[in-house]
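Structural characterization, general
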Amino acid sequence: MALSIHVKKSLRSGGRCFELAASFQAKSRSIVLFGPSGSGKTLTLRAVAGLMHPDEGRIELDGRVLYDSAAGLNLPARERGVGLVFQDYALFPHLNVFQNVGFGLRRGLLAGRLD
């Protein structure tokens, strides 16, 4: 797998400003992002998955451009073929464990696909 990321994003909240500037290239089957809490690891992964829109830059995965601000290209998350597992729970509180796990499977079956 080849991943190339060069993105910038400014975030503001409560009078504070956070600047994300991530830039790296990797050619490996496994890629690890590590750093202290608040350093931008999750934001970087959200950008790759298409869940966060960078202000500028480019994201390329295996030769396929997912995002390029200069070209005005921003593939929707559903077209990127990238999965992201969140570190905090994102469960439906009204469903039990079996129903929560089955929810995604049921949605895939109803749509006629299991990607």
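Residues numbered from 1 in each chain as written. Predicted model: local features only at pLDDT ≥ 70, side-chain atom pairs only at ≥ 80, totals over all residues. Heavy atoms only, no water.

1. Structural notes on the nonpolar core
The biggest cluster of nonpolar side chains holds 14 residues, and the ones touching the most others in it are I5, V7, L20, A22, M52, I59 and L66. Elements with a contribution of two residues or more to this core: β1 (2-13), β2 (16-27), α1 (41-49), β3 (56-61) and β4 (64-68). When sequence neighbours within four positions are dropped, the list of residues in contact with L20 reads V7, K8, K9, G40, L43, T44 and M52. (Core = buried A, V, L, I, M, F, W, Y, C linked by side-chain atoms within 4.5 Å. Buried < 20%, exposed > 50% of the residue type's maximum accessible area, 1.4 Å probe, protein only. Helix = DSSP H or I, 4+ residues; strand = E, 2+ residues; numbered from the N terminus. Contact = heavy atoms within 4.5 Å.)

2. Describing the pairing of β4
With four bridges joining them, β3 and β4 adopt antiparallel strand pairing. Residue pairing across strands places I59 opposite Y67, the latter belonging to β4. Once β3 ends, the chain turns through two residues before running back antiparallel as β4, passing D62 with a positive phi of about 50 degrees. Note that β4 and strand β5 (residues 73-74) share two bridges and pair antiparallel. Directly across from D68, in β5, lies its bridge partner L73. Where β4 folds back on β5, the antiparallel hairpin that results is connected by four residues, among which G72 adopts a positive phi of roughly 70 degrees. (Pairing = 2+ DSSP bridges.)

3. Some words on unusual backbone geometry
Phi at D62 takes a positive value of approximately 50 degrees, unusual for a residue other than glycine. Mapping D62 onto the fold places it in the loop between β3 and β4.

4. Here's the deal with the layout of surface pockets
In this structure, the largest pocket encloses a volume near 530 Å³. Along its surface, the largest pocket is lined by 26 residues, and L33, K41, T42, L45 and L84 are the ones closest to its centre. When residues of the lining of the largest pocket are traced back to their parent elements, those giving at least two are β1 and α1. Among the elements that take part in the lining of the largest pocket, α1 stands out by supplying seven residues, more than any other. (1 Å grid on protein atoms, 1.4 Å probe; cavity = no way out; pocket = protein on both sides within 12 Å on 5 of 7 lines; lining within 4 Å. Points joined across faces, edges and corners; volume = space filled by probe spheres on them.)

5. Side note on α1
For α1, every residue scored as buried is listed here: L43, T44, A47, V48 and A49. Against the buried residues of α1 lie β1, β2, β3 and β4. Of the residues trailing α1, G50 is marked for its positive phi of about 90 degrees.

6. Concerning the sheet that holds β2
With antiparallel pairing, the five strands of this open sheet are ordered in space as β2-β1-β3-β4-β5. The two strands at the open ends of the sheet, each matched to only one other strand, are β2 and β5. In this fold α1 packs onto β1, β2, β3 and β4, with an angle of close to 65 degrees to the strand it touches most, β2. (Axes fitted to C-alpha atoms, helices over the stretch in contact; angles between N-to-C directions.)

7. A look at the pattern of salt bridges
Taken as a whole, this structure holds three salt bridges when the rule is applied. With its nearest N and O atoms 3.0 Å apart, the salt bridge here joins E60 to R58. Since its relative accessible area comes to 32%, R58 is described here as partly exposed. Measuring nitrogen to oxygen at the nearest pair gives 2.6 Å for the salt bridge that ties R58 to D68. (Salt bridge = Lys/Arg side-chain N within 4 Å of Asp/Glu carboxyl O.)

None of this, on its own, says anything about what the molecule does.
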